[in-house]
Every structure is written in C-alpha cells, then in structure tokens.
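Structural overview
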2 protein chains.
Amino acid sequence: MRDDRGDAFDPECPTRVVLDRIGDKWTVLVIGALRDGPLRFTELRARIGGVAAKVLTQTLRAMERDGLLTRTVHAQVPPRVDYELTDLGASLGGPIQTLTDWAETHLTQILGARAAYDDSADAR
Amino acid sequence: MRDDRGDAFDPECPTRVVLDRIGDKWTVLVIGALRDGPLRFTELRARIGGVAAKVLTQTLRAMERDGLLTRTVHAQVPPRVDYELTDLGASLGGPIQTLTDWAETHLTQILGARAAYDDSADAR
DNA sequence: CAGAATCCGATCTGATACTG
DNA sequence: CAGTATCAGATCGGATTCTG
C-alpha cells in the first residue's frame, strides 16, 4: 500500500511533473477552492462537487506530497482536518490563471472547430 | 467507430476543455515540435521520441479537431502528410510557456517536498 | 509513408460499504 | 468527520501486425 506515488517516467522534465499534477481532473479545482483560505475535508468536497471521497483523498495526498498544500490534523473528536495551500501551491495559481484566461478567450474557437470537424466527419 | 471524441463531461468549463487537451502525455510536446514550422508524421514522431504511431495519431486528430493544427495530405506516392500549427495552436504556446517557466523554477522545491514526504512515510 | 486494426496490461475514476 | 477497503467500468498508452 505504499507503491502508488504516481511518478511520471521522466523525472527530468519539469513541465511533465507539473502537468501530471494539474492535468488530472481535480487538482486545479482544489487550488481554486483553497484560494480564499483553508478548508476542511467535507467543506472542500462540497465546494468542488461531484468528487468521490476516495478520489479527493488521492488528489490531496498527491498535492501534499508535492508541497502544494499542508494537511493539518486537529486532535479532537470528531476529527477535523484542515487543508491549506502552501506558498508554492498558491504560486501555481498564476500560471493556472494564465491558462484559464486563454481558455476563456478561445473556447468559442475551439468549440467551433470541434463542431465543424464533427460535422464534416458525420457527413461521410 | 465514431464515438470516441473524448469530450469531458462538462463542456461549459473552458479550463477543463483546455486541460483535457494539454494534460495528456504528448500534446505539449507536439506544440513544441511544430513551433519552428510544419513537419510530416514521421519527422514529428522522431523528434518527439518514444511515442507509438497510434498514440501520436490520436493526439494529432484531437488537436486537429480542436483547431490547434492543420493536417494536409499531399496527393503523391509515397504519401506525405504535413502537420502545422494554426494561429490558435501557436497562441497556446504562451500559456504553456508560463507553465513551463513555473515548472522549471519550482521543480527543485517539488522534488524536495516529494523526497521529504516519501522519507517520512518510509520511516514508518 | 502514414497510418488502421487489434490486443493487452496498467491506470483512472467512481460507487458502495465500512471504521476510528 | 474523515477517511479506508473493495470492486467494477472505462479509458489510456503501447506493442505488434497489416495495408493503401
């Protein structure tokens, strides 16, 4: 149970390391959700929506391992665990925002190209 | 045979659309390889290295569908197909570069965090 | 040359049920 | 509350083989 560290095959490519992290389905949403301050597990899960507990846990563990966030367990009953972005994690927000901006400005083009491509394929 | 368009479940989130594309293993490398001008299939494949023909084809088709590149078939024998970035595809280079820069400056931190995390886990 | 077809194992994601 | 365990389904990436 200690063998799924999810490394890419090429540790010497920085871009791949980062893309392997933010390329997954949830990491970017986690960063967005934690942008305004720490949240506990259930809050985080509710704010993101549609994510299974197991999958969120995996995402958070991977992010913790990469130093993007901290996981703080409060010794109390019922248990309380806070997740908070590190400076490193927060700094990733910049590049992501750049990407998001690009995505928003060009989404129409992409969707248009997609529709055109699919149409010409369906015509045959 | 006409059903694997690889859409995400949420077409209204621009960021996901883009991340689904560049998050895969090869798209970013294709953009990098085509940055200096068009290439044909085999050149492209050689320049990237380590990619199976099928997978490269899939990647190129998806990028073509999203309007990131054009595929030009020259009617000649032996066949010749050129792939070239569109303006849209080339413009994606900017955000990717931002991400790459971030990755390069912070890789050491990430790898360090990773090593520390793994050490403390192994200690147990 | 530029792929398409086929097959395969590995990985991802999620639903469900259970627990300290 | 904050997970873990387990299982199933889907998708992915890749090797191999074949073709216009």
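Residues take numbers from 1 onward in each chain, read along the sequence in its written order. Working convention: letters from A go to chains and numbers from 1 go to ligands, in the order in which they are written. Selection of residues for local features in this predicted model requires a pLDDT of at least 70, selection of side-chain atom pairs for listing and counting requires 80 or more, and totals for whole chains, interfaces and linings are taken over all residues. Side-chain numbers come from the whole structure's heavy atoms, not from hydrogens or water.

An unreviewed UniProt entry annotates chain A as Helix-turn-helix transcriptional regulator originating from Nocardioides pinisoli.

Another aspect to go through is the pattern of salt bridges. The working definition used for a salt bridge is a side-chain nitrogen of Lys or Arg within 4 Å of a carboxyl oxygen of Asp or Glu. The final tally for this structure, using the stated rule, is 10 salt bridges over all chains. Where Arg16(A) meets Asp20(A), a salt bridge forms, and the shortest distance between an N and an O atom there is 2.8 Å. Remark: Asp20(A) and Arg16(A) occur in helix α1 (residues 14–22); sequence separation between them is 4 residues, near one turn of the helix. A relative accessible area of 9% means that Arg16(A) is categorised as buried. Judged by relative accessible area, Asp20(A) falls into the partly exposed class, the value being 28%. Put simply, Arg65(B) and Asp118(A) hold a salt bridge, and the shortest N to O gap is 2.6 Å. Taken together, the residues span two chains, with Arg65(B) in helix α4 (residues 53–65) and Asp118(A) in helix α6 (residues 93–123). Take Arg65(B) and Asp118(A): they sit in the same class, and that class is buried. Several salt bridges share partner residues, and in doing so they unite Arg21(A), Asp66(A) and Arg114(B) into one network. Numbering of helices and strands runs from the N terminus, with a helix taken as a DSSP run of H or I at least four residues long and a strand as a DSSP run of E at least two residues long. Summary of the burial criterion: residues with accessible area below 20% of their type's maximum are buried, those above 50% are exposed, and those between are partly exposed, where the area comes from a 1.4 Å probe applied to protein chains only.

Thr42(A), Arg71(A), Tyr83(A), Lys25(B) and Lys54(B) are the nearest of the 19 residues found near DNA strand D. For this purpose, a residue is taken to be near a molecule or strand whenever a single non-hydrogen atom of the residue falls within 4 Å of it. In the interface set of DNA strand D, defined as its atoms within 4 Å of the protein, sugar plus phosphate atoms amount to 70%. Within the side chain of Arg61(A), an N or O atom sits 3.1 Å from a phosphate oxygen of DNA strand D. Pairs of N or O atoms within 3.5 Å make up the polar contacts considered here, provided that, within protein, one atom can donate a hydrogen while the other can accept it, and that residues adjacent in sequence are counted only when both atoms are side-chain atoms. Between a sugar or linking oxygen of DNA strand D and a main-chain N or O atom of Pro79(A), the distance comes to 3.2 Å. Those elements that provide at least two residues to the surface near DNA strand D are α3 (41–48), α4 (53–65) and β3 (80–85) of chain A together with α4 of chain B.

Take the sheet that holds strand β1 (residues 39–40) of chain A next. All names here are of chain A. Reading across the sheet, the 3 strands line up as β1-β3-β2 and stay open at both edges, with antiparallel pairing between neighbours. Two strands bound the open sheet, and with one partner strand each, they are β1 and β2 (69–74). Strands were regarded as paired on the criterion that DSSP finds at least two bridges between them. Both β2 and β3 contribute to a ladder of 6 bridges, which runs antiparallel. If you follow Val73 over to β3, its bridge partner there is Val81.

Bringing the relation of the copies chain B and chain A into the picture now. Overlaid copies result from least-squares superposition on C-alpha atoms, with residues included only where pLDDT is at least 70 in both. Note on the identical chains: chain B maps onto chain A by a rotation of 180 degrees and an axial translation of 0.0 Å, with an RMSD of 0.0 Å. The symmetry that links the two subunits is that of a two-fold axis. Relative to the rotation axis, the C-alpha of Gly23(B) is the closest in chain B, positioned 2.1 Å from it. Take the interface residues of chain B: 100% of them recur as interface residues in chain A, which is what a same-surface contact looks like. Working rule for contacts: check all heavy atoms of both residues, and any pair within 4.5 Å makes them a contact.

In this complex, chain B contributes 43 residues to the contact, which on the side of chain A involves 43 residues. When chain B packs against chain A, the two sides together hide about 4,200 Å² of surface, and 68% of this comes from carbon and sulfur. Put simply, chain B and chain A have 4 salt bridges between them. Inspection of the chain B/chain A interface yields 12 residue pairs in polar contact (both at pLDDT 80 or more). Looking at the side of chain B that touches chain A, the elements that each hand over two or more residues are α1 (14–22), α4, α5 (87–91) and α6 (93–123) of chain B. The element contributing the most residues to the side of chain B that touches chain A is α6(B), with 17 residues. All amino acids are sorted into three groups, where Ala, Val, Leu, Ile, Met, Phe, Trp, Tyr, Cys and Pro are nonpolar, Asp, Glu, Lys and Arg are charged, and the leftover types, Gly among them, are polar. Here the residues of the side of chain B that touches chain A are counted per class, giving 20 nonpolar, 8 polar and 15 charged. Computed with a 1.4 Å rolling probe, the buried area is the accessible surface lost when two parts are put together, summed over both parts.

Now for the protein's contact with DNA strand C. Taken together, the neighbourhood of DNA strand C is formed by 17 residues, with Lys54(A), Arg40(B), Thr42(B), Arg71(B) and Tyr83(B) sitting nearest. The sugar-phosphate backbone supplies 66% of the atoms of DNA strand C found within 4 Å of the protein. Between a phosphate oxygen of DNA strand C and a side-chain N or O atom of Tyr83(B), the distance comes to 2.5 Å. Of all the secondary-structure elements, those providing two or more residues to the surface near DNA strand C are α4 of chain A together with α3 (41–48), α4 and β3 (80–85) of chain B. The class makeup of the residues in the surface near DNA strand C is 8 nonpolar, 2 polar and 7 charged.

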